[in-house]
Amino acid sequence: MKILTVIAHPNEGSFTHALMNEFISSAKSAGNTVDVADLYAEGFDPCFNMHDIALYGGTGEVSDKIANEHKRVMDTDAIALFFPIWWWSMPAMLKGWVDRVFTSGFAFTFEDGNTKGLLTHRKAAMFCPAASDHGFYRRYGYHNALQRQIDAGVFGYCGIADVETHIFPNAEGSDETRASHLAHARQAGQSFAQSSSLDDDIFG
Ligand SMILES: Cc1cc2nc3c(=O)[nH]c(=O)nc-3n(C[C@H](O)[C@H](O)[C@H](O)COP(=O)(O)O)c2cc1C
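Anyway, here's the lowdown on the structure attached to this text. Note that the structure is predicted; figures quoted are calculated from it, not measured.

## Observations concerning the overall build of the protein
Phase 1: Across its full length, the protein holds seven helices and seven strands.
Phase 2: The C-alpha radius of gyration of the protein comes to 17 Å, within 12% of the 17 Å expected for a compact globule of 204 residues.
Phase 3: Considered along the principal axes of its C-alpha atoms, the protein spans approximately 55 × 40 × 30 Å.
Phase 4: Residues counted as buried form 32% of the 204 residues belonging to the protein.
Phase 5: For the protein, long-range pairs separated by at least 24 residues make up 81% of all intrachain contacts whose partners lie at least 6 apart in sequence.

## Remarks on the nonpolar core
Phase 1: Phe 23, Ile 79, Ala 80, Leu 81, Phe 82, Phe 127 and Cys 128 are the most contacted members of the largest nonpolar core, which totals 45 residues.
Phase 2: At the level of secondary structure, the elements contributing two or more residues to this core comprise strand E1 (2-7), helix H1 (15-29), strand E3 (78-82), helix H4 (92-101), strand E6 (123-129), helix H6 (142-156), strand E7 (163-168) and helix H7 (175-190).
Phase 3: Discounting residues that sit within four places of it in the chain, Phe 23 has contacts with Ala 80, Phe 127, Ala 185, Ala 188 and Gly 189.

## Some points on the site of the ligand
Phase 1: Lining the immediate surroundings of the ligand are 15 residues, of which Ser 14, Thr 16, Pro 129, Ala 130 and Ser 132 lie closest.
Phase 2: Across the shell around the ligand, the residue classes break down as 10 nonpolar, four polar and one charged.

## Details of the pairing of strand E4 (residues 108-111)
Phase 1: Taken together, the four bridges between E4 and strand E5 (residues 114-117) define a ladder with antiparallel strand orientation. Its bridge partner lying in E5, Glu 111 is registered against Asn 114.
Phase 2: The turn joining E4 and E5, which pair antiparallel and follow one another in sequence, is formed by two residues; a positive phi near 50 degrees is taken by Asp 112.

## Overview of unusual backbone geometry
Phase 1: Residues other than glycine seldom take positive phi values, yet Asp 112 does so here, at roughly 50 degrees.
Phase 2: Mapped onto the fold, Asp 112 is located in the loop between E4 and E5.
Phase 3: Its identity is not glycine, yet Asn 170 carries a phi of approximately 55 degrees, on the positive side.
Phase 4: By the secondary structure assignment, Asn 170 is in the loop between E7 and H7.

## A short note on H4
The α-helix winds at 3.6 residues per turn, so residues separated by three or four positions along the chain end up facing the same way.
Phase 1: All of the buried residues in H4 are Leu 94, Trp 97, Arg 100 and Val 101. In a view along the axis of H4, the buried residues occupy a sector of 135 degrees, so they form one face of it.
Phase 2: Buried residues belonging to H4 abut E1, helix H2 (50-56), helix H3 (64-74) and E3.

## Structural notes on the sheet that holds E3
Backbone hydrogen bonds hold the strands of a sheet together, and the pairing may be parallel or antiparallel.
Phase 1: Strand order in the open sheet formed by five strands is E2-E1-E3-E6-E7, and the pairing between neighbours is parallel. Of all the strands in the sheet, the pair left with one neighbour each is strand E2 (33-38) and E7. When strand polarity is set aside, the average angle formed by the axes of neighbouring strands in this sheet is 15 degrees.
Phase 2: Where E1 meets E2, six bridges bridge the pair, whose relative direction is parallel. Bridge assignment links Leu 4 to a residue of E2, and that residue is Asp 35.
Phase 3: Against the sheet, H6 touches E6 and E7, its axis set at about 145 degrees to E7.

## Quick notes on the environment of Glu 176
Phase 1: As for its placement among the helices and strands, Glu 176 is situated in helix H7.
Phase 2: Here Glu 176 falls in the exposed class, since 8 other C-beta atoms lie within 10 Å of it.
Phase 3: Distance from Glu 176 to Gln 190, taken between C-alpha atoms, is 21 Å for residues 14 residues apart in sequence.

Analysis parameters
- Residues numbered from 1 in each chain as written.
- Predicted model: local features only at pLDDT ≥ 70, side-chain atom pairs only at ≥ 80, totals over all residues.
- Helix = DSSP H or I, 4+ residues; strand = E, 2+ residues; numbered from the N terminus.
- Rg over C-alpha atoms; globule rule 2.2 N^0.38 Å.
- Buried ≥ 20, exposed ≤ 12 C-beta atoms within 10 Å, placed from the backbone.
- Contact = placed C-beta atoms within 7 Å.
- Core = buried A, V, L, I, M, F, W, Y, C linked by C-beta atoms within 7 Å.
- Near = placed C-beta within 6 Å.
- Nonpolar A, V, L, I, M, F, W, Y, C, P; charged D, E, K, R; others polar.
- Pairing = 2+ DSSP bridges.
- Arc of directions from axis to C-beta.
- Axes fitted to C-alpha atoms, helices over the stretch in contact; angles between N-to-C directions.

Listed below in structure tokens is the structure:
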């Protein structure tokens with residue numbers, strides 16, 4: 001399977017990068033190929049602009065930069081997002097990538113008054129370290145909120161039904177916790193080409 005990993009973290013030494021590196025090395029050893037979109041390192045501009053507004057309104061052309069992003073999304077069978085939880089959601093950099101790249105006519109369209117997803121990827125996933133603990137996510141429903149917003153609201157909306165959510169609580173915690181998170185990312189990379197099940201998620 002060809003996987004596009006998209007990472008949004010300014011620090012290459014971050015735990016988010018460490019999780020992605022574990023995922024990539026095991027996904028590759030399981031026979032997958034991986035392309036990396038490192039949004040900060042590449043200097044992606046996340047600000048939705050007047051050109052994007054015209055495109056959304058059906059009066060603009062796709063710019064070369066966005067066409068390149070479309071190409072690398074389309075060149076893969078699966079998309080894996082790696083980002084730290086910031087304010088119970090994705091960093092603005094990644095949100096801007098979704099806003100600007102998952103455009104109308106590319107990622108979804110309208111047919112007979114209904115929206116229709118246009119992405120045909122076999123699966124998608126998100127891998128998100130977070131400082132808070134498991135109980136905190138459960139108590140306030142943040143895990144479900146992320147799933148609703150990103151699994152269903154972004155990937156499902158665009159036609160990708162098989163979506164894994166991997167949230168890594170206590171990511172600023174002990175070495176033992178971090179080692180177990182890295183092992184989980186390695187395992188997810190190893191089995192990524194298979195269909196996901198709820199057991200794939202730490203939250204289960
Ligand atoms: C701006 C900002 C907002 C954050 N918001 C949350 C949050 O809403 N929930 C949470 O559990 N952790 C939050 N954190 C903690 C990060 O998730 C944590 O620092 C990160 O996952 C650690 O991984 P890293 O080394 O890759 O940054 C926040 C951190 C920052 C910098």
